[in-house]
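# Breakdown of the fold
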Amino acid sequence: MPSTPEDPTTASAPDRSFGSRLRYVLGDVAALVYLAFIAALVIWVYVDSAGEHEDASFAGVIPLLATAPASVLVLLPPEFPGMFVVAVTVGALVNAVVIGWCSRRLRRGGRAAR
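The structure reproduced in this document is the subject of the present report.

Cut-offs and rules
Residues numbered from 1 in each chain as written. Predicted model: local features only at pLDDT ≥ 70, side-chain atom pairs only at ≥ 80, totals over all residues. Heavy atoms only, no water. Helix = DSSP H or I, 4+ residues; strand = E, 2+ residues; numbered from the N terminus. Axes fitted to C-alpha atoms, helices over the stretch in contact; angles between N-to-C directions. Parallel < 35°, antiparallel > 145°, perpendicular 65-115°, else oblique. Contact = heavy atoms within 4.5 Å. Nonpolar A, V, L, I, M, F, W, Y, C, P; charged D, E, K, R; others polar. Expected span 1.5 Å × (residues − 1). Buried < 20%, exposed > 50% of the residue type's maximum accessible area, 1.4 Å probe, protein only. Core = buried A, V, L, I, M, F, W, Y, C linked by side-chain atoms within 4.5 Å. Left-handed = near helix turned anticlockwise from the far one by under 90°.

Phi is mostly negative for residues that are not glycine, and the peptide bonds are mostly trans. Looking along the chain, the bond that leaves Ala-68 and enters Pro-69 is cis, with omega of 10 degrees. Mapped onto the elements of the fold, Pro-69 is located in the loop between α3 (61–66) and α4 (70–75).

Structure, rendered in structure tokens:
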């Protein structure tokens, strides 16, 4: 009987570190596409805010909404100018982990964890 690769996110693999589980979940295609989309949004915000638009300040709302709810929670106590980047980064990583985990669970289907 051929051996099957184990899912490092299952409880049957206690020897896996938190970092390896995180890399496994963030390595999912759906999570990577989401992170690329958020990176494109942030680049768009910085390009748009460099221009002479009167509504350029509202462009930053789009990445915050795309990375909510974690980004909004991190952004609540703004203490320094780079808080926007920190909030969007934390929100994007939290959402990417959830998306990657859900994607892998859905692809596994009704099979039980080994």
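Between helix α1 (residues 18–26) and helix α5 (residues 83–108), the least distance of the axes is 8 Å, while the angle of their chain directions is 75 degrees. As summarised for this structure, α1 and α5 are arranged roughly perpendicular, according to the angle between their axes. Judged by residue contacts, Leu-22, Tyr-24, Val-25 and Leu-26 of α1 engage Leu-93, Ala-96, Val-97, Gly-100, Trp-101 and Arg-104 from α5. Across the contact of α1 with α5, the residue classes break down as eight nonpolar, one polar and one charged.

Next up on the list: α5. The first and last C-alpha atoms of α5 sit 37 Å apart over 26 residues, in line with the 38 Å expected at 1.5 Å per residue. Looking at α5, one finds that the buried residues are Met-83, Phe-84, Ala-87, Val-88, Gly-91, Ala-92, Asn-95, Ala-96, Gly-100, Ser-103 and Arg-108. For α5, the elements touching its buried residues are α1, α2 (29–50), α3 and α4. The first or second residue beyond α5 is Gly-109, which carries a positive phi of 75 degrees.

Before going further, it helps to examine the nonpolar core. Counting 14 residues, the largest nonpolar core has Tyr-34, Ile-38, Leu-64, Phe-84, Val-88 and Ala-96 as its most contacted members. For this core, the secondary structure elements donating two or more residues are α2 and α5. Non-local contacts of Leu-64, meaning those with residues more than four positions away in its chain, are made with Ser-71, Val-72, Leu-75, Phe-84, Ala-87 and Val-88.

Its location among the elements puts Val-61 in helix α3. Considering only alpha carbons, one finds Val-61 and Phe-84, 23 residues apart in sequence, at a separation of 9.9 Å.

Moving on, we get to α1. Buried residues of α1: Ser-20, Val-25 and Leu-26, and no others. Elements in contact with the buried residues of α1: α2 and α5.

Let us look at the environment of Leu-65. Inspection of the secondary structure puts Leu-65 in helix α3. Residue classification places Leu-65 among the exposed residues on the basis of a relative accessible area of 60%. Residues Leu-65 and Val-88, 23 residues apart in the sequence, show an inter-C-alpha distance of 9.2 Å.

Before going further, it helps to examine the environment of Phe-37. If you trace the backbone, Phe-37 turns up in helix α2. For the pair Phe-37 and Pro-63, spaced 26 residues apart in the sequence, the C-alpha separation amounts to 9.5 Å.

A word on the packing of α2 against α5. Contact geometry of α2 with α5 gives a least axis separation of 8 Å together with a crossing angle of 160 degrees. It follows from the interaxial angle that α2 and α5 lie roughly antiparallel. By crossing handedness, the relation of α2 to α5 is classed as right-handed. When α2 is examined against α5, the residues Ala-30, Ala-31, Tyr-34, Leu-35, Ile-38, Val-42, Val-45 and Tyr-46 are found in contact with a partner set consisting of Phe-84, Val-85, Val-88, Ala-92, Leu-93, Asn-95, Ala-96, Ile-99, Gly-100 and Ser-103. Class assignment of the residues belonging to the contact of α2 with α5 gives a composition of 15 nonpolar, three polar and no charged.

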